[in-house]
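Survey of secondary and tertiary structure
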Amino acid sequence: MALYCYITFSTTHYALRAEALLKNSPLEYKMVPVPRSISSSCGIALRCLCPDRPQVERLLKENGVETEGSYEIEEKDFSLPRLFSKKEGPAHEQ
Amino acid sequence: MNSELNLYFDNAATSWPKPEPVYGAAERCLRGSWGNPGRSGHTRTLEADRLVYRARETLARFFHIADPGRIVFALNATDALNMAIKGLLEAGDHVLYTAMDHNSVLRPLGGLRRAGLISTTMIPCSPEGYPDLDFMERSFQRRTRLLVINHASNVLGTILPLKEMATAAHRHGVAVLVDASQSAGAVPVDLAAAPVDMLAFTGHKGLLGPPGTGGLYVRPGLDLKPWREGGTGSHSEMDLHPETMPERLEAGTLNSPGLAGLIEGIKFIEETGLDKIRAHEVTLRKRLRRKLEEIKGVTVYGPADDDRCTAVLSFTLEGVDCGELGYILESSFGIICRTGLHCAPLAHQAAGTFPQGTVRLSPGYFTSDKDVDYLAGAVAEISAFTRAR
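Rules used throughout
- Counting from 1, residues in each chain are numbered in the order their sequence is written.
- Lettering of chains starts at A and numbering of ligands starts at 1, both following the order in which they are written.
- The predicted origin of the model limits local features to residues at a pLDDT of at least 70 and limits the giving and counting of side-chain atom pairs to 80 or more, whereas totals for whole chains, interfaces and linings rest on all residues.
- Working from all heavy atoms in the structure, the side-chain values ignore hydrogens and water.
- An automatic or database domain assignment provides the domain bounds reported here.
- We call two residues contacting when some pair of their heavy atoms lies within 4.5 Å.
- Using a 1.4 Å probe, buried area is obtained as the accessible area two parts lose upon being combined, added over both of them.
- When a carboxyl oxygen of Asp or Glu is within 4 Å of a side-chain nitrogen of Lys or Arg, the pair counts as a salt bridge.
- Think of a polar contact as two N or O atoms within 3.5 Å of one another; within protein, one of them needs to be a possible hydrogen donor and the other a possible acceptor, and neighboring residues in sequence only count if both atoms come from side chains.
- A helix here means a DSSP run of H or I that spans at least four residues, while a strand means a run of E at least two residues long, and both kinds are numbered starting from the N terminus.
- Here, expected helix span is obtained from the residue count minus one, scaled by 1.5 Å.
- Burial status follows relative accessibility: with a 1.4 Å probe on protein chains alone, a residue under 20% of its type maximum counts as buried, one over 50% as exposed, and anything between as partly exposed.
- Each C-beta atom gives one direction from the helix axis, and the arc is the one those directions make.

1. A look at the domain arrangement of chain B
All names here are of chain B. Here the domain parsing of chain B yields domain 1 (20-271) and domain 2 (273-388). For domain 1 and domain 2, the distance between their C-alpha centres works out to 28 Å. On the side of domain 2, 27 residues touch domain 1, which itself brings 30 residues to the contact. When the buried surface of domain 1 facing domain 2 is broken down by residue, Asn154, Val155 and Leu156 rank first, second and third, together holding 25% of it. Counting every contact that joins domain 1 to domain 2 gives 0 salt bridges. The tally of links from domain 1 across to domain 2 stands at 8 residue pairs in polar contact (both at pLDDT 80 or more). For the side of domain 1 that touches domain 2, the secondary-structure elements that each account for two or more residues are helix H4 (103-114) and helix H7 (256-272). With 4 residues, H7 is the largest single contributor of residues to the side of domain 1 that touches domain 2.

So this is what it looks like as structure tokens:
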């Protein structure tokens with residue numbers, strides 16, 4: 001479990017502009033589906049490390065990328081390996 | 001007939017062939033099982049999102065538009081022009097347009113006028129297709145909201161004085177809508193040098209992309225009423241269409257394979273150089289006009305100054321109906337061109353070719369001098385045959 005910062009956007013277009021800007025920066029980031037615990041206008045969020053958040057937000061602001069919100073949340077375990085393990089796999093695979 | 005020749009002279013309708021990477025990009029997009037742009041956040045959707053984003057960026061770079069988010073995709077230029085006209089105008093507005101406009105402008109305006117919502121004034125044009133700018137200057141009214149400019153005529157090849165007209169309109173506080181269907185990819189369309197309020201373009205002509213890839217640029221600060229509402233993948237809880245651009249004017253699934261091809265079409269133009277494409281097309285028009293003018297019974301229309309035109313040339317042959325001439329050119333010589341009124345009846349009235357129309361020849365970057373010579377030879381043969389008949 002790790003603490004991540006999620007930044008959301010009102011349009012996919014801004015999410016993709018954010019991605020393009022971060023790609024050319026040394027900052028660590030990932031484009032991820034918006035976690036259901038957050039309400040957002042578009043389906044993609046930018047996830048970055050919490051200590052980088054001010055830098056990321058400054059970069060976006062300087063380049064005219066409008067953000068909707070930013071949230072610090074514990075990383076959820078998306079992979080759910082238990083459900084898909086051989087031992088306990090779906091019925092049709094057995 | 002020579003199979004080595006490119007006898008396709010209808011690039012003003014849709015360009016052919018496309019640069020090789022255009023075909024490949026569209027196919028890869030279809031085969032790659034990319035997701036629906038904007039819908040959900042899985043990796044395939046993200047790939048499609050990136051593609052749409054790249055398409056917007058590519059167009060913004062090409063037209064010198066500062067914010068790619070102000071470009072919305074549409075079915076084609078007609079769709080974009082409808083979006084602009086119906087999204088901007090309100091009851092009581094007055095609109096100026098020119099005789100060079102296409103039915104994609106004339107009909108939406110005509111519909112609104114017949115419904116009693118707007119009034120319009122047509123700016124007449126010379127037989128060469130140049131608008132009467134003094135008439136335009138006198139025609140701005142208190143309620144004039146919009147000036148529509150067809151950047152280049154699809155009948156005569158005339159390039160209209162975009163900057164001069166836009167400057168005049170802005171001086172009167174009137175918004176400018178440019179129809180760049182024939183000019184984009186043929187001549188520079190630089191919105192940084194000539195700011196306009198809206199620009200409609202199509203992807204399948206001079207931009208060398210697939211059909212179904214038009215769009216509209218709307219300047220920052222200008223909010224259009226959406227004329228199509230529905231799914232955007234964003235703000236899904238709302239029962240009203242979102243107001244954020246570009247989704248504001250984009251509802252429903254986008255044509256991602258088409259946009260993938262369009263990106264490659266524009267990249268081809270940028271890598272080749274628009275100057276080089278333009279120079280070749282001017283040379284072709286010059287040669288075409290010179291060769292046709294030598295033929296007995298041929299009348300060529302539009303400006304004689306080829307340097308100021310796109311590669312579009314209209315002509316008629318005395319004693320032969322233009323529809324019949326087009327048929328003979330294809331059936332006996334394998335030449336593809338378009339005949340008739342070309343969806344621009346007022347342009348033909350200005351040129352003096354209404355209602356009979358013309359034969360329109362529109363070579364492209366992949367047309368050679370040899371192709372032009374073959375075509376001129378065919379017309380000469382038909383002319384000689386007709387006179388002997």
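Next, the rest of the story.
2. Focus: helix H1 (residues 20-31) of chain B
Residues and elements named next belong to chain B. Along its 12 residues, H1 runs 17 Å from first to last C-alpha, staying within 8% of the 16 Å computed at 1.5 Å per residue. Buried within H1 we find Val22, Ala25, Ala26 and Cys29. For H1, the angular spread of the buried residues around the axis is 95°, confining them to a single face. The outward face of H1, more than 90 degrees from its buried face, is lined by the exposed residues Glu20, Arg28 and Arg31. The elements touched by buried residues of H1 are helix H2 (43-63) and H7.

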